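Observations on the model geometry
One-letter residues, chain by chain:
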Amino acid sequence: MTQHQTIAGSCLCGSIKFEIAPPSTAFKYCHCTRCRKATGTAHAANVFVPQSQFKWLAGESLIKRFDLPGAKRFAVSFCTQCGTRMPHKSAGNDNMLIPAGVLDAAPDIQPDSSIFWGSKAGWFVETSALPKHEEYGK
Ligand SMILES: [Zn+2]
Ligand SMILES: [Zn+2]
């Protein structure tokens, strides 16, 4: 991939499409309790890019944003048709937060850290410690 090739993203129903342009700023796994609630899983996987490197291509009007009352900057955006988490502008800085799982190709960077590690779920096990199956397993 060339340095300036864009990376596409979309929701599960395909109504919302966007693209990001490298270089990405950061890529973090967040184990905070809010991210666990909002994603329904052990941690969020968030890529950050400056707003100027982000573009909506379709379906922006289908997005609903929820800003958590009382939180300084926690928000989630999602497709109102299929519920897929969508990117949103971070409060307090110029970055767009991109849930990495909605990208249709690998971003230009890999995760650099796990944050809010002290808040991780009591049941969280490092994936490196688990047996691997190509599909469902037993
Ligand atoms: Zn959708
Ligand atoms: Zn978090």
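Scoring rules and cut-offs
- Residues numbered from 1 in each chain as written.
- Chains lettered and ligands numbered in written order.
- Predicted model: local features only at pLDDT ≥ 70, side-chain atom pairs only at ≥ 80, totals over all residues.
- Heavy atoms only, no water.
- Salt bridge = Lys/Arg side-chain N within 4 Å of Asp/Glu carboxyl O.
- Helix = DSSP H or I, 4+ residues; strand = E, 2+ residues; numbered from the N terminus.
- Contact = heavy atoms within 4.5 Å.
- Core = buried A, V, L, I, M, F, W, Y, C linked by side-chain atoms within 4.5 Å.
- Buried < 20%, exposed > 50% of the residue type's maximum accessible area, 1.4 Å probe, protein only.
- Donors = N, O, S within 2.8 Å, 3.2 Å for Na, K, Ca; no water.

We now examine the pattern of salt bridges. Under the defined criterion, the tally for this structure stands at three salt bridges. With a closest N to O distance of 3.9 Å, Glu19 and Lys55 form a salt bridge. Remark: Lys55 occurs in strand β5 (residues 54–58) and Glu19 occurs in strand β2 (residues 17–20); sequence separation between them is 36 residues.

For Asn46, the location among the structural elements is in strand β4 (residues 44–50). Other than its neighbours up to four places away in sequence, Asn46 contacts Ala26, Phe27, Lys28, Leu97, Ile98 and Pro99.

Bringing the nonpolar core into the picture now. Ranked by size, the top nonpolar core spans 16 residues in total, and within it Phe18, Ile20, Val47, Val49, Phe54, Ile98 and Leu103 carry the most contacts. The set of elements that each furnish at least two residues to this core consists of β2, β4 and β10 (95–99). Apart from the residues within four sequence positions on either side, Leu103 is in contact with Ile7, Ala8, Gly9, Phe18, Ile20, Val47 and Ile98. Within the second largest apolar cluster, seven residues are counted, among which are Cys32, Ala71, Phe74 and Val76.

This part covers the environment of Thr33. The topology assignment puts Thr33 in helix α1 (residues 33–39). Of the residues examined, Thr33 reaches a relative accessible area of 46% and is grouped as partly exposed.

This part takes up the coordination of the zinc ion (ligand 2). Protein-derived coordination of the zinc ion (ligand 2) comes from Cys30 (SG), Cys32 (SG) and Cys35 (SG), at a distance range of 2.1 to 2.3 Å. Written as a sequence motif, the donor residues of the zinc ion (ligand 2) are C-x1-C-x2-C. The same class applies to Cys30 as to Cys32, namely buried.

Limitation: the analysis is restricted to geometry and does not speak to function.
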